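The primary structure of each chain is shown beneath.
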Amino acid sequence: MGHLLRHWSLLLLLLPATLLQAQEARPLLFGVLPYLSTRILITTYSPLAAYLEQRLGRPVSLQTAPDFDTFTSRAFAGEYDLLLIAPHYARLAEVDYGYIPLLRHRNDIRCYLMVPREQPLASLEQLRGQTVAIHERSAMVPMLGLNWLAEKGLVAERDFRVVENVTQSSALQSVVSGKARAAIVSHSTVAQAPADLREATRIAGECPSAPGLALMAHNRLPPAERQRIKEVLNAFEQTPEGKVFFDISTHGGYREPTPADARLMDKVLPETRRLLKK
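Conventions we followed
Residues numbered from 1 in each chain as written. Predicted model: local features only at pLDDT ≥ 70, side-chain atom pairs only at ≥ 80, totals over all residues. Heavy atoms only, no water. 1 Å grid on protein atoms, 1.4 Å probe; cavity = no way out; pocket = protein on both sides within 12 Å on 5 of 7 lines; lining within 4 Å. Points joined across faces, edges and corners; volume = space filled by probe spheres on them. Helix = DSSP H or I, 4+ residues; strand = E, 2+ residues; numbered from the N terminus. Nonpolar A, V, L, I, M, F, W, Y, C, P; charged D, E, K, R; others polar. Salt bridge = Lys/Arg side-chain N within 4 Å of Asp/Glu carboxyl O. Buried < 20%, exposed > 50% of the residue type's maximum accessible area, 1.4 Å probe, protein only. Pairing = 2+ DSSP bridges. Contact = heavy atoms within 4.5 Å. Phe/Tyr/Trp six-rings, centres within 6.5 Å; stacked < 30°, edge-to-face > 60°. Axes fitted to C-alpha atoms, helices over the stretch in contact; angles between N-to-C directions. Parallel < 35°, antiparallel > 145°, perpendicular 65-115°, else oblique. Left-handed = near helix turned anticlockwise from the far one by under 90°.

### Description of the layout of surface pockets
1) Next: Its boundaries defined by the atoms lining it, the largest pocket holds a volume of some 260 Å³.
2) Next: Forming the boundary of the largest pocket are 20 residues, of which Ile109, Ser186, Ser188, Leu213 and His251 lie nearest the centre.
3) Next: Listed by contribution, the elements that provide at least two residues to the lining of the largest pocket are β5 (109-116), α5 (140-151) and α7 (187-192).
4) Next: For the lining of the largest pocket, the class distribution of residues is 9 nonpolar, 9 polar and 2 charged.

Written as structure tokens, this is what we have:
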């Protein structure tokens, strides 16, 4: 009897360590919003994933999705442990779906109206009756751009037609191909576009900005692990790889989320929910 008690006591002592090792061996699923083509996203974010893997001592699986609807559905279903997501989706993920803000990109999301270089707009009025390319109605950049045009007296589907694209990159490409007269895309999309695409387009206007992309962790991760991830992310910014990453991505580094960010995004939560349920 005493032998059996000692046996079970030893198993109970070993069980927490065994569970911890299993947790550490499981890949950390890092979901990245598909705001660029998959190729550019993987190229851009692989150094960050590799650094996280090295410093955390566990595999990191970099993941995205073919479109925003699929990505947000997976994110809100809790499929990702770590999440890079637009600010209005981030607020929704925090309020409704159990994600916790860690950091935010320092640079705001800047929104451009792009047109062919050889066909500039004399005024926004020239968009009447034309087609404007976006990548997803519920996304932050189209919301900013379409609201800005509405404030200028141009209402989507009344004064111009809107066509959705899988990514911002493809929205920008549609301007060059002639499928759209203009495109609403982010500053980072333009900065990371191939040289020939940048040279073939020009900025026709700049829309209001929004807080940068948010990095979030699911609340199933223990507090100590979330804190460790945050420390590693901040450390990455100071590395040579991190400096190259932020130079290429134009995100400017990390900063702390603020209550002002949350209040600003609370204003667009009803519209975000409505568009996601379309």
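Moving on from the coordinates now.
### A short note on the pattern of salt bridges
1) Next: For the coordinates displayed, the defined rule picks out 17 salt bridges.
2) Next: Between Arg58 and Glu225 there is a salt bridge whose closest N-O contact spans 2.3 Å. Of this pair, Arg58 sits in the loop between α2 (38-56) and β2 (60-63) while Glu225 sits in helix α9 (residues 223-237), placing them 167 residues apart in sequence.
3) Next: Under the relative-accessibility criterion, Arg58 is labelled buried at 5%.
4) Next: A relative accessible area of 18% places Glu225 in the buried class.
5) Next: Salt-bridge contacts for Arg273 lead to Asp96; the nearest nitrogen and oxygen are separated by 3.1 Å. Of this pair, Arg273 sits in helix α12 (residues 269-276) while Asp96 sits in helix α4 (residues 87-97); the two residues are 177 residues apart in sequence, bridging distant segments of the chain.
6) Next: Bridged by salt links that share partners, the residues Glu125, Arg128, Arg158 and Asp159 form one connected network.

### Quick word on the sheet that holds β2
Sheet strands associate in pairs through backbone hydrogen bonding, adopting either a parallel or an antiparallel arrangement.
1) Next: Taken in spatial order, the 6 strands line up as β2-β1-β3-β10-β4-β11 in an open sheet, and their pairing is mixed. Strands at the two margins of the open sheet, each flanked by one partner only, are β2 and β11 (254-255).
2) Next: In this sheet, strand β10 (residues 214-218) lies alongside strand β4 (residues 99-105) in antiparallel orientation, the contact comprising 5 bridges. Among the inter-strand pairings, Ile100 is bridged to a residue of β10, identified as Ala217.

### Observations regarding the pairing of β10
1) Next: By the criterion of burial, β10 is predominantly enclosed, with 5 of the 5 residues buried.
2) Next: What you see with β10 is no split at all: Ala214, Met216 and His218 on one side and Leu215 and Ala217 on the other are buried throughout.
3) Next: Note that strand β3 (residues 82-85) and β10 share 4 bridges and pair antiparallel. Directly across from Leu82, in β10, lies its bridge partner Ala217.

### Overview of the environment of Met216
1) Next: Of note, Met216 is situated in strand β10.
2) Next: Residue Met216 is classed as buried on the basis of its relative accessible area of 1%.
3) Next: Taking the C-alpha atoms as reference, Met216 lies 9.0 Å from Arg226; in sequence the two are 10 residues apart.
4) Next: Excluding residues within four positions of it along the chain, Met216 makes contact with Asp81, Leu82, Leu83, Ile85, Ala90, Ala93, Glu94, Tyr99, Ile100, Pro101 and Leu102.

### A short note on the packing of aromatic side chains
1) Next: A full pass over the atoms with the stated rule returns 8 aromatic pairs.
2) Next: Note on Tyr51 and Phe236: the rings are 5.3 Å apart at their centroids and 50° apart in plane angle, and the pair reads as tilted. Placement of the pair is Tyr51 in helix α2 and Phe236 in helix α9, with a sequence separation of 185 residues.
3) Next: Feature note: the residues Tyr45, Tyr51, Phe236, Phe245, Phe246 and Tyr254 constitute an aromatic cluster, connected by ring pairs.

### Some points on the sheet that holds strand β6 (residues 131-134)
1) Next: Ordered in space as β7-β6-β8-β5-β9, the 5 strands form an open sheet in which the pairing is mixed. Two strands close off the open sheet at either side, each with one partner strand: β7 (161-164) and β9 (201-210). Averaged over all neighbouring strand pairs, the angle between strand axes comes to 25°, with direction disregarded.
2) Next: Taken together, the 4 bridges between β5 and strand β8 (residues 182-186) define a ladder with antiparallel strand orientation. Paired with Leu113 across the bridge in β8 is Ile184.

### Focus on the packing of α2 against α9
1) Next: Between α2 and α9, the shortest axis-to-axis distance is 10 Å and the interhelical angle comes to 125°. With respect to α9, the element α2 is oriented oblique. Considering only the axes of α2 and α9, their crossing is right-handed. Counted together, Pro47, Leu48, Tyr51, Leu52, Arg55 and Leu56 of α2 and Arg228, Ile229, Val232, Leu233, Ala235 and Phe236 of α9 form the full contact between these two elements.
2) Next: For the contact of α2 with α9, a count of residues per class yields 10 nonpolar, no polar and 2 charged.

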